[in-house]
Every structure is written in structure tokens, then in C-alpha cells.
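# Remarks on the overall topology
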Amino acid sequence: MDTPPATAVAHRICPVCEACCGLELQLQGERIVSIRGHAGDRFSGGYLCPKGVALKDLHEDPDRLRAPLVRRGGRFVEVGWDEAFREIEARLVPLRERHGRDALGLVIGNPTVHKTGLMLYVPRLVRAAGTHNVFTASTLDQMPKQLASGLMYGHWLTIAVPDIERCEHLLVLGANPATSNGSMWTVPDFRGKARAMQARGGRLVVVDPRRSETAALADEHLPIHPGADVHFLLGLVHTLFDEGLVRLGRLAPHVAGLEALQAAVQPYAAERVSARCGIAAEAIRRQARLLATAPRAAVYGRIGTCTQAYGTLANWLVDVLNVLTGHLDEPGGAMFPKAAVFAANTLGAPGRGRGIVTGRYRSRVSGAPEVLGEFPMGCLAEEIETPGEGQVRALITVAGNPVLSAPNGPRLAAALEQLEFMVSVDLYLNETTRHADVILPGRSPLEDPHYDVAFAQLSHRNHARYSPAVLPAAPDHPPEWQVLLRLVAILRGEGAGADLRALDDRLFAEDLQRLPPEQAGAVMRLLAHREGPERLLDFGLRSGPHGDGFGRRPDGLTLDKVMAAAPAGIDLGPLQPRVPEVLRTPSGCIELAPAMLLEDLARVEADLAQPVPELVLVGRRQVRSNNSWMHNLPVLAKGPYRCTLLVHPDDARRLGLRDGAPARIEANGRAIEAPVEVSEEMRPGVVSLPHGWGHGLPGTRMAVAAERPGANLNALLDEAARDPLSGTAVLSGVPVRLTAAG
Ligand SMILES: Nc1nc2c(c(=O)[nH]1)N[C@H]1C(S)=C(S)[C@@H](COP(=O)(O)OP(=O)(O)OC[C@H]3O[C@@H](n4cnc5c(=O)[nH]c(N)nc54)[C@H](O)[C@@H]3O)O[C@H]1N2
Ligand SMILES: Nc1nc2c(c(=O)[nH]1)N[C@H]1C(S)=C(S)[C@@H](COP(=O)(O)OP(=O)(O)OC[C@H]3O[C@@H](n4cnc5c(=O)[nH]c(N)nc54)[C@H](O)[C@@H]3O)O[C@H]1N2
Ligand code: SF4
Ligand SMILES: [Mo]
């Protein structure tokens, strides 16, 4: 008789969102019994949300792909891995030979930054492709933050985050961390940390057109008119100068452009911007005074301040406020993390650098400037549709679903049908991958080891954590770094059957070329027992700011030490002041008045002359949802219908809309329908619909999601509307027309 399998406990860092919670799994053999927060985790301390629990459903989801699919005669058939790669080689290599490297486009989606293997090997894929046509979720998301930070501090990843555990006044704009669990700011259990701040006498102020879950926690909520953060922030900065509240403190010798900034904000008194942002002038002035007089304070802006027409300006002004009030780089203020691995903000010589540039080349059709090596996602469809040299004829998507997550998905879906060849590296046959010729499935996250390479760079506290794989993968199912490496081999002309270990060695040796040859050789030998992401991690840890320097600092970190500290992880302590060492601008100073930004203020001036739109649409995130891809998991899909349009009672009355009845939402000559949820949460004149819905399209294989498909907000949006500096799409504050449907 079989003995029942023993119960075991395993641990895994959750790879779904930026909070990076430590999870504890109860297992019975290879069956997951339950998932909860790991109380012993040195970073998240037991916090989790329903999406962490849903990793069980993801692991077990019968719709999750386990074998490659190849389109044959209009249908997808399962094939072996070798056959799938041979198909890709046979179709992609001649296409690139005929039409050049730019004929292959790349789409890189959000989960890439959450998976160690993808995070570390996608750059290799991008390099091997050698195409200008790179499109990522960054231009639907945080590029304005990265551009503004790059211009001010000299590096794209020198990003200040609130030191919430010591903060006493937190001003949040366009973020809902109580639901999103934080973004460009890794802060598990934001709610608990915000409450602790309030219990210390601290104050939370939230600027949001909706009384969001975070605004509901706040001491003050300012319901701003969408898209007007730049006006509000200009009013705050003006007030600081006007009322003599500027205090640079310790940073004074490290700041450039103060006078130019003062002159530039001169036209934007609170009294002048008030009508545009819908916040009383006295309330704007009061917020400036509160910020200036709080001993420890931080301003934090997130996606609501990014996905709008003035995203880069708004994100610049957030940090300008932190600098002018003496709160940047101070404990309890906005501080710079120092990650253990690949800490981008520690590279190069301390204190001075080359700074950043954009527009080194431009997109073929619209002439959009390259930003951080990519073009706006909103340009993808036109690059596929428009004939000529450099036309995108083939596409590789990695962990992206732009048909739902990018503006004007219907146009993009039609464009994808015109491609000569498309490969998707993904978990599902969904709205985007249904257009592919070959789909290469990733593994369940529980089958992969994990280290958060991206989010440790944005963390409210420095830490190093590793988790081994929890469950074994099917023996023939390669980890995703090997899938990408196989694609690299094909793109480099080494063939689908190339020796991956040898290729991995060569690529690592290429990475080491910036070291002196004898040092590179020594590193190669010391890490010869590792391969893939773990070799890169060990290298990153040992050569990083907390590392052992390959023996030079014996107390420092190595991957062995971090592995031995699993599952609790290693706490590297609270953030420390880093100015001027962290700066990489050519001047060696914090640039308060970059020319590109001052010039862009002309658009704000023009905007002020326009009437404020009467009715606009914003998005919203929901705890049981994650962009477009977790709606197939039963534990998240159950409960009330969530893809509802929140409408203020006054607007509902005026427009003849009833609670629960469908409304027709029109914009840009397109329309969708969603049920109305009458809600006092909304600012009058603003309605809110979540994004990532619109499932059940023909050819998809996500049965649970298709039962309640929801409406695709992005089907309405204009793919050409963007912040011209960062290329980031305008996803919020879009004028709409609303009528009762039917
Ligand atoms: N209107 C509106 N649109 C938005 C937003 C908004 O606020 N409003 N938010 C934007 C933001 S911030 C973002 S980041 C983007 C996100 O947009 P995308 O980057 O397109 O991300 P998702 O929509 O989450 O789709 C993720 C894809 O990755 C696949 N996937 C999941 N896990 C894995 C894995 O481990 N390996 C592989 N290979 N694939 C995996 C999923 O099946 C899915 O196809 O959406 C943007 N779109
Ligand atoms: N549960 C869940 N968590 C997630 C995700 C998810 O889909 N679901 N997605 C993840 C991803 S990819 C990201 S990038 C992060 C994003 O994380 P957050 O930046 O916290 O994003 P949201 O929760 O969408 O909150 C944005 C808020 O901005 C408000 N807003 C809209 N327009 C404006 C405006 O013009 N001005 C101002 N001031 N506010 C405005 C909205 O009402 C909303 O409350 O969340 C991540 N976490
Ligand atoms: S908050 Fe984010 S990291 Fe934490 S359990 Fe939820 S999805 Fe996972
Ligand atoms: Mo995002």
C-alpha cells in the first residue's frame, strides 16, 4: 500500500508584483496544499495578497501551456521543443537575411522584470536581434519617471523612493499602493506601514481623482482633475519660492539650476493653476507649507503622473519638490536604494558621469525619439502596417499582451495578422499570442528559482533574498533563460541546435570584457561551477556594493551566502544618504532645470489656455487582477463582477445612467460598453474603468477569463497620444462621451 506523501514546507518570493512578498507553501508531495505569507521573511514579514495565493491556481491551470505550439494549417498543434526551434530558425533567418535586422520587432512585457531568467536574458535577446524596433511596457508605464530621474541624477535607474519607516509626511500623487502594492517603490504591506506612520503622528496626503483605497486611508485627499498634476506641482514649487520656503540644506553645494528653475516656474502661481487642476489655490499653498515644514517628508508620484501628456514634467517636479524642501536623500525623505545585485546606480565612477541622452535615432513612421533604446508601444502598429525599408515583418513577444494592454488594441491585433512571422514566449494562448506562429511556454513560477534583480533597486530597505525552485519542472521543459538563449543562438546564426553551455560561456565572457583580462579570467574560473542566471547573480552579488569583491572583502555577499540565508533572506538595513556619490550627471550636480524640461513647459502654457474637458476617463487597478493576465485563475476570478465603470452620482443623474445598467463609452470614434457602478468615490466629471479586460476573443484559450471577459478600456484609447519626451502613452484623463446603452 502507498504511504501518503509527507507534508513539507517550502518558500518562494512572489514574482507577481513589485512588493516581492516572501510566501510559505504547504506541500503534500508535489501537490500544493496552501500558500500564505512567510512571517520569517526579513523583508515582507508575512504580508501577502490574493495574487500570491493564486500561484497555486496558476501552477494547476489546465489552460497554462506546457508544450510549444506551432501553427499548422491555421490551427495550433503541440510540438516538441526541438521542432519548435527548428521552425523558428527556418522562418526567421531567411526573413532577416532578406529584409535586415529592423524587420524583426521585439515586444517585451511586464512579467519580464519579475522573472530572474527573463530579466537577465532578455538583454541578450535584444542585443542579438540588433533591431531598432524594440517596444516594451515601459512606454505604457514608468518611462517618464526614469527619464526625469536620468536628467536630474544622471542615470535611468537612480530613482528616489520614500523612506516610509522614518517618514512623517507623505504626499502621494497618482498611485494607489494600498491596492497595487506599490510601484517603482518596493514596499510590501504599504497599508501597515502607512498606518504605522500615522500612529507616529505622521500624515498621508493623497492626490487622486478618485477616493482610492489609498486615499481612503489618508489624512487628506485632494481630488485633482486628471492630467493636471503638472499644474498642481508647478503651483507647489512656485509657492516654495514665493513664500521663501526653499531649504536645500546639506544638498546646497550639489544642486545646479536653482535660478533657472525659479524663473521657469514664475508664471505658475497657485492662483493661476488652481482652476486647471481643480484644487483651490489656498489648498495648494497649504500643501507646499506642510511639505516644507515637516521635519521628515517625501513626495511620491506614480502611474497616474506618468501615463499622461505631461508625464516627464510631472515626475521631474515630484523630485524638484523633494530637493527644494530638503527631503531628498535624507532619512525619512526620498532616498536612493543600493541594491546588492546589478545596482545600476553604483556603476561608473562616483559623483560624476556622462548623464543620459534620448533621440539617438528615431522611429521610421512617426519620427518618435528613441528613449532608453526603445520606441513608444503606440508606434508598433504603424511600424508593422507601413511598407518600406525597415518595416516590421516579424515579431518576438516576451511576456507581453499588448492587444489588451496597449492603446488601440484592435488596430494592433489587425496589424499582427499582417506579420510574416511571429513568436511568443508566454504562458497562455491569449489575445496577443493567438496571432503567433510559434508559442514557447514559460514554466510555472514555482518551478523556477528566484532573485529580485529589478525591484531590489527600488526597495524601501536594502536586502538580498534568494529562493530555490519549489517544485520540479517536467524534464523536457527548459527554463526560460534557456528558451531565450536558444533564440539568441538562432539570431546569431549559430543554429537552433547550438551548444547552449558554450554560448552561455561566450556571452558571459563578453560581459566581462570591461574588466582587465587577468581579472576577467579569474572571475571566469571562480564562477566556472555555475551557469545561466545563477552565474550572473553570483557575479553581480560578489562585484556589487555589498559583495565580497571576489575575496577582497571576506565579509561581503556571495550567492552561496545569500542561498544559505534562504528563506528569511539578508537584511542590509535602511537606506543611507548617497549624494553626491550617487550622481552621474556631467556637472556632478543634481540638475534642477534640464533644458529639455524647461522647453516642454511651453505645452503647459498652451494647455492653460484650453478649456478643461467636461468628462474624462481614468483607469484603476484591483487587488484580484494583474494587468491583463491573471483573470483565468479561479481564486481571483470569483466574486463580484469587477470590470465596472465608476460614475459619480451627479454625473449618473445628469447622463441618465443607472447603477448596474450598461453604459456606452465613446472616445476617438470607438465605443465599448460596461456596467455602471454609481460611486461617491469619483470626482464629478471623472469616470473610472479598470484595464486589462476584454477577454474571450476568437482563438484564445483562457476558459475562465472568457466567462466574464469584461470590456477593453484600451480599445478606446488613441495610440498616438503620448508624452513626447518619454514616448509614454496617455492612458488617463481621456475625454469620453457616456450614454445609457441599449
Ligand atoms: N489603460 C491602461 N493600460 C495599461 C495600464 C493602465 O494603467 N491603463 N497599465 C500599463 C502597465 S503599468 C503595464 S506594466 C502594462 C502591462 O502590459 P504587458 O506588459 O502586456 O503585461 P500583461 O498585460 O500583464 O501581460 C503579460 C503577459 O505575460 C505573460 N506571462 C505571465 N507570466 C509569464 C512568465 O513567467 N513568462 C512568460 N514568458 N510570460 C508570462 C502573460 O500570459 C501575458 O501574456 O499594461 C499597461 N496598460
Ligand atoms: N492588484 C494589482 N496590482 C498591481 C497591478 C495590477 O494590475 N493589479 N499592476 C502592477 C503594475 S504593472 C504597476 S505599473 C503598478 C502601478 O501601481 P500604481 O501606480 O499604484 O497604480 P494604480 O493602482 O493604477 O493607481 C494609480 C492611481 O492614479 C489615479 N489617477 C489616474 N489619473 C490620474 C491623474 O491624472 N493624476 C493623479 N494624481 N492621479 C491619477 C487613479 O485613480 C489611481 O488611483 O501596479 C502593479 N500592481
Ligand atoms: S502583494 Fe504582490 S508580491 Fe505580494 S503576494 Fe501580492 S502579488 Fe505577490
Ligand atoms: Mo506596470
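Just so you know, these numbers come straight off a predicted model, no measurement behind them.

### Points about the pattern of salt bridges
- Inspection of the entire model under this criterion finds 50 salt bridges.
- A salt bridge links R285 to E271; the nearest nitrogen and oxygen atoms lie 2.8 Å apart. In this pair, R285 sits in helix α12 (residues 281–293) while E271 sits in helix α11 (residues 270–277), placing the two residues 14 residues apart along the sequence.
- Ionic pairing is found between E385 and R411, a salt bridge with its closest N-O pair at 2.7 Å. Placement of the pair is E385 in helix α15 (residues 380–385) and R411 in helix α17 (residues 409–418), with a sequence separation of 26 residues.
- A single network of salt bridges, built from pairs that share partners, joins D242, E243, E271, E282, R285 and R289.

### A word on the packing of aromatic side chains
- Considering all chains together, one arrives at 9 aromatic pairs under this definition.
- Between W185 and F190 the ring centres are 5.9 Å apart and the planes differ by 75°, which places this aromatic pair in the edge-to-face class.
- On the basis of relative accessible area, F190 is assigned to the buried category, the value being 1%.
- Taking the centre distance of 5.7 Å and the plane angle of 80° together, the rings of F508 and F539 count as edge-to-face.

### Remarks on the sheet that holds strand β5 (residues 75–78)
- Taken in spatial order, the 7 strands line up as β5-β4-β17-β16-β15-β6-β7 in an open sheet, and their pairing is mixed. Where the open sheet ends on each side, the last strands, each with one partner, are β5 and β7 (134–136). Direction aside, the axes of adjacent strands within the sheet are offset by 20° on average.
- In the sheet, strand β6 (residues 104–108) pairs with β7 via 3 bridges, with the strands oriented parallel. Residue pairing across strands places I108 opposite T136, the latter belonging to β7.

### Structural notes on the environment of E60
- Structurally, E60 is set in helix α2 (residues 55–60).
- In this structure, E60 is in contact with I32 and R66, ignoring residues within four places of it in sequence.

### Examining the pairing of strand β18 (residues 461–464)
- Burial of the side chains of β18 extends over both faces: R461 and H463 are buried on one face and N462 and A464 on the other.
- Across 3 bridges, the pairing between β18 and strand β19 (residues 570–574) is antiparallel. Following the sheet pairing, H463 is matched in β19 by D571.

### Observations regarding the site of ligand 2
- Ligand 2 sits among 30 residues. The nearest are S180, D208, D229, S625 and S732.
- At a separation of 3.1 Å, a nitrogen atom of ligand 2 approaches a polar side-chain atom of K51.
- One of the backbone nitrogen or oxygen atoms of N176 is found 2.8 Å away from an oxygen atom of ligand 2.
- Here ligand 2 has 920 Å² of accessible area as a free molecule, and 97% of this is covered by the chains.
- Within the residue set of the shell around ligand 2, elements represented by two or more residues are α6 (177–180) and α13 (303–306).
- It is α6 that contributes the most residues to the shell around ligand 2, 3 residues altogether.
- Residues lining the shell around ligand 2 come from more than one domain, with at least three contributed by each of domain 3 (156–349 + 579–603) and domain 5 (613–740).

### Comments concerning the site of ligand 3
- Every residue close to ligand 3 is listed here: C14, V16, C17, A19, C20, C21, Y47, L48, C49, K51, G52 and N181.
- The residue makeup of the shell around ligand 3, split by class, is 9 nonpolar, 2 polar and 1 charged.

### Concerning the sheet that holds strand β1 (residues 7–13)
- Read across the open sheet, the 3 strands follow the order β1-β2-β3; overall the sheet is antiparallel. Among the strands making up the open sheet, the edge pair consists of β1 and β3 (31–37). Between one strand axis and the next, the sheet turns through 25° on average, direction left out of account.
- Here strand β2 (residues 22–28) pairs with β3 via 6 bridges, running antiparallel.

### Section: the side chain of S44
- Of note, S44 is situated in the loop between β3 and α1 (50–53).
- A polar side-chain atom of S44 sits 2.8 Å from the main-chain amide nitrogen of G22.

### Observations regarding the domain arrangement of the protein
- Looking at the assigned domains, one finds that the protein contains domain 1 (1–53), domain 2 (69–141 + 360–440), domain 3 (156–349 + 579–603), domain 4 (499–568) and domain 5 (613–740).
- Summarising the inter-unit geometry, the C-alpha centres of domain 1 and domain 3 are found 36 Å apart.
- With 10 residues of domain 1 at the interface, the matching set in domain 3 holds 9 residues.
- Between domain 1 and domain 3, the buried area comes to about 740 Å², and carbon and sulfur atoms account for 55% of it.
- Of all residues in domain 1, E18, F43 and Y47 give up the largest surface area on contact with domain 3, accounting jointly for 67% of the area buried on that side.
- Grouping the constituent residues of the side of domain 1 that touches domain 3 by class yields 7 nonpolar, 1 polar and 2 charged.

Cut-offs used in this document
Residues numbered from 1 in each chain as written. Chains lettered and ligands numbered in written order. Predicted model: local features only at pLDDT ≥ 70, side-chain atom pairs only at ≥ 80, totals over all residues. Heavy atoms only, no water. Salt bridge = Lys/Arg side-chain N within 4 Å of Asp/Glu carboxyl O. Helix = DSSP H or I, 4+ residues; strand = E, 2+ residues; numbered from the N terminus. Phe/Tyr/Trp six-rings, centres within 6.5 Å; stacked < 30°, edge-to-face > 60°. Buried < 20%, exposed > 50% of the residue type's maximum accessible area, 1.4 Å probe, protein only. Pairing = 2+ DSSP bridges. Axes fitted to C-alpha atoms, helices over the stretch in contact; angles between N-to-C directions. Contact = heavy atoms within 4.5 Å. Near = heavy atom within 4 Å. Polar contact = N/O pair within 3.5 Å; in protein donor to acceptor, adjacent residues only side chain to side chain. Areas by Shrake-Rupley, 256 points an atom, 1.4 Å probe, with all protein chains shown as cover. Domains from an automatic or database assignment. Nonpolar A, V, L, I, M, F, W, Y, C, P; charged D, E, K, R; others polar. Buried area = accessible area lost by both parts, 1.4 Å probe.

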